[in-house]
Amino acid sequence: MALPVAPTVPTAPRPVPAAPRWAVLAAHAVTLTTLPAALWRIGVACGLPLGYTEAGLRGIRGDGWEGPAWLVLLSVLTEAAALLTLVLVRDWRLFSPRVTTALAGTGAVVLAALWTPFLFWWAVPDAAMTETGHLLVGFVYLPLVAWAPLLAAVTVNHHRRHRR
């Protein structure tokens, strides 16, 4: 005769500690790093030269609606991607913590490769821009360089809070 098996009681998931204040501030700062470039691109999409020569503006906007639409779409997508950083400091569970950490870590590496070269923006002249415009664009895109390290710091914090 077999012995009865005691039913197993599921254990409650371990509560995840709240994100520290610095991580929440860093996640919100990420959303601000993308804003100047996004607003600048939308201004260019609307036909404002914002540092471009007349020929340069035609080149970036194109002849049809596709150029301006792409600039606006790119602005919306970059801001949406930056807003995803807030997932790392909130109790939202879109994916498992392991997947979230992997995606955010990969994003930080890609962003570092993409935006770090803008540190050298002023060393490369651009014939499509005026001197003042070249200076302006450098300052507008410079905050994007901070996106990767801020995301990396928040990602490491997220990983530490969720590991078992």
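So, a few notes on the structure that sits alongside this text. As the structure is a prediction and not an experimental result, all values here were calculated from the model. (Residues numbered from 1 in each chain as written. Predicted model: local features only at pLDDT ≥ 70, side-chain atom pairs only at ≥ 80, totals over all residues. Heavy atoms only, no water.)

With respect to the element layout, H134 can be found in helix α5 (residues 131–141). For H134, a relative accessible area of 9% corresponds to the buried category. Ignoring any residue separated from it by four or fewer positions in sequence, one finds H134 in contact with W121, W122, V124, P125, D126 and M129. (Helix = DSSP H or I, 4+ residues; strand = E, 2+ residues; numbered from the N terminus. Buried < 20%, exposed > 50% of the residue type's maximum accessible area, 1.4 Å probe, protein only. Contact = heavy atoms within 4.5 Å.)

Once that is clear, we can look at unusual backbone geometry. At L50, a position not held by glycine, the phi torsion is positive, near 40°. Residue L50 is classed as partly exposed on the basis of its relative accessible area of 28%.

Looking now at helix α3 (residues 66–83). Here α3 spans 25 Å end to end across 18 residues, near enough to the 26 Å set by a 1.5 Å rise per residue. For α3, every residue scored as buried is listed here: G67, P68, L71, S75, T78, E79 and A82. All buried residues of α3 project into a common sector of 110° when viewed along the axis, lining one side. Next to the buried residues of α3 lie α1 (21–45), α2 (54–61) and α6 (147–162). (Expected span 1.5 Å × (residues − 1). Arc of directions from axis to C-beta.)

Interaxial distance between helix α4 (residues 97–115) and α6 falls to 8 Å at its minimum, and their mutual angle equals 165°. In terms of axis orientation, α4 runs roughly antiparallel to α6. Viewed along their axes, α4 and α6 form a crossing whose handedness is left-handed. Where α4 abuts α6, its residues P97, T100, T101, A104, G105, G107, A108, L111, A112 and W115 lie against W147, A148, L151, A152, T155, H158, H159 and H162. In terms of residue class, the contact of α4 with α6 is made up of ten nonpolar, eight polar and no charged. (Axes fitted to C-alpha atoms, helices over the stretch in contact; angles between N-to-C directions. Parallel < 35°, antiparallel > 145°, perpendicular 65-115°, else oblique. Left-handed = near helix turned anticlockwise from the far one by under 90°. Nonpolar A, V, L, I, M, F, W, Y, C, P; charged D, E, K, R; others polar.)

Let's shift gears to the side chain of N157. Looking at the element boundaries, N157 is found in helix α6. Here the side chain of N157 touches R161 through a polar contact of 2.9 Å, side chain to side chain. Contacts of N157, omitting those with residues within four sequence positions, involve A19, P20, W22 and A23. (Polar contact = N/O pair within 3.5 Å; in protein donor to acceptor, adjacent residues only side chain to side chain.)

In the structure shown here, the tally under the stated rule is seven aromatic pairs. Plain terms: the ring middles of W40 and Y141 are 5.8 Å apart, the flat faces sit at 80° to each other, and that makes the pair edge-to-face. Highlighted residues: W40 in helix α1 and Y141 in helix α5, separated in sequence by 101 residues. Judged on exposure class, the residue W40 and its partner Y141 are both buried. Measuring from ring centre to ring centre gives 5.1 Å for F118 and Y141, while their planes differ by 15°; the resulting arrangement is stacked. Note that F118 is positioned in the loop between α4 and α5 and Y141 in helix α5, a separation of 23 residues in sequence. Residue F118 is classed as buried on the basis of its relative accessible area of 18%. Under the relative-accessibility criterion, Y141 is labelled buried at 9%. Three or more aromatic residues joined by ring pairs make a cluster, and in this case those are W40, Y52, W115, F118, W121 and Y141. (Phe/Tyr/Trp six-rings, centres within 6.5 Å; stacked < 30°, edge-to-face > 60°.)

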